[in-house]
Amino acid sequence: MTTKLSRRRVASAAALVAFGVGAGAAAPVDANLALTRPTIAPKTVEVQMIGDASGYRFAPAKLTIQRGDRVKFTLVSGPPHNVVFWQDSIPKGAGAKLAKAMTNAVGPLTGPFLMNAGETYSVSFEGLPAGTYRYYCAPHLALGMTATIEVK
Ligand SMILES: [Cu+2]
């Protein structure tokens, strides 16, 4: 009887190792994600920040992502640019989580200023509620640099 038990233990330990559990830092990230999130893996979607002869804009201005995706804002031209979410134009209950997701914030839901072409700023929507998130670039709000992220 004890033999049976310990054999079972060995088998489940082997299964865990096969899934990357207990392998420490060497555990493949994908294996861990598969254990906790059987849905589509989160992806990173790029939004460009542009200022040129055609005006100041985010491209695409209307972006749809899946819950858990990450948005990477990349400065293309016409700096400085930043990302500021309207506190009253995001889903109910999203504020505190979004504030946490915005690293290096310089104000409420206000990302840092990007100054150089190729600079990026990323916001993860992991754990954030579905809905419409409206945002703008503070230096170019008056010039219509506004955009929307729809989280499905
Ligand atoms: Cu701007």
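Residues numbered from 1 in each chain as written. Predicted model: local features only at pLDDT ≥ 70, side-chain atom pairs only at ≥ 80, totals over all residues. Heavy atoms only, no water.

J.: Teacher, can you tell me more about the sheet that holds strand E5 (residues 84–85) here?
T.: Neighbouring strands of a sheet are bound in pairs by backbone hydrogen bonds; such pairs are parallel or else antiparallel. Taken in spatial order, the four strands of this open sheet run E3-E8-E7-E5, and their pairing is mixed. The open sheet has two edge strands with one neighbour each: strand E3 (62–65) and E5. Across six bridges, the pairing between strand E7 (residues 131–136) and strand E8 (residues 146–151) is antiparallel. Paired with threonine 132 across the bridge in E8 is glutamate 150. (Pairing = 2+ DSSP bridges. Helix = DSSP H or I, 4+ residues; strand = E, 2+ residues; numbered from the N terminus.)

J.: Just to check I follow, could you spell out the packing of aromatic side chains for this structure?
T.: Taken as a whole and judged by the stated rule, the model has eight aromatic pairs. Summarising the aromatic geometry, the rings of phenylalanine 85 and tyrosine 135 are spaced 5.4 Å apart at their centres and angled 45° between planes, so their arrangement reads as tilted. You can see phenylalanine 85 sitting in strand E5 and its partner tyrosine 135 sitting in strand E7, a full 50 residues away along the chain. Here the aromatic cluster, defined as three or more aromatic residues joined through ring pairs, consists of Phe58, Phe73, Phe85, Phe125, Tyr133 and Tyr135. (Phe/Tyr/Trp six-rings, centres within 6.5 Å; stacked < 30°, edge-to-face > 60°.)

J.: Mind showing me how you'd approach the coordination of the copper ion here?
T.: Any two of four tetrahedral donors ideally make an angle of 109.5 degrees at the metal, while pairs among six octahedral donors ideally make 90 or 180 degrees. For the copper ion, the full set of protein donor atoms is His81 (ND1), Cys137 (SG), His140 (ND1) and Met145 (SD), and the range of their distances to it is 2.0 to 2.6 Å. Seen from the copper ion, its four donor atoms lie at angles of 93 to 129°, and the figure they make is tetrahedral. Within one chain, the residues serving as donors to the copper ion are arranged as H-x55-C-x2-H-x4-M. Judged by its relative accessible area of 0%, cysteine 137 falls in the buried class. (Donors = N, O, S within 2.8 Å, 3.2 Å for Na, K, Ca; no water. Tetrahedral: all angles 85-135°; square planar, octahedral: opposite > 155°, others 65-115°. Buried < 20%, exposed > 50% of the residue type's maximum accessible area, 1.4 Å probe, protein only.)

J.: Could you clarify how one ought to interpret unusual backbone geometry in this entry?
T.: Where the residue is not glycine, phi is negative for most of them; where a peptide bond is considered, it is trans in most cases. The omega torsion of the bond from alanine 59 to proline 60 falls at 0°, within 30 degrees of zero and hence cis. By secondary structure assignment, the location of proline 60 is in the loop between strand E2 (55–59) and E3. The step from proline 79 to proline 80 runs through a cis peptide bond, and the omega angle for that step is 0°. Within the secondary structure, proline 80 is located in the loop between strand E4 (70–75) and E5. Unlike most non-glycine residues, asparagine 104 shows phi in positive territory, near 55°. When you line up the elements, asparagine 104 lands in the loop between helix H3 (95–101) and strand E6 (120–124). The class for asparagine 104 is exposed, based on a relative accessible area of 60%. Look at leucine 109: it is not a glycine, yet its phi comes out positive at around 50°. Take leucine 109: its relative accessible area is 6%, and that puts it in the buried class.

J.: Help me understand the side chain of serine 89, please; the structure alone is not making it clear to me.
T.: Inspection of the secondary structure puts serine 89 in the loop between E5 and H3. For serine 89, a relative accessible area of 19% corresponds to the buried category. A polar contact of 3.4 Å, which involves the side chain of serine 89, links it to the side chain of aspartate 88. Setting aside residues up to four positions removed in sequence, serine 89 forms contacts with Thr132, Tyr133 and Arg134. (Polar contact = N/O pair within 3.5 Å; in protein donor to acceptor, adjacent residues only side chain to side chain. Contact = heavy atoms within 4.5 Å.)

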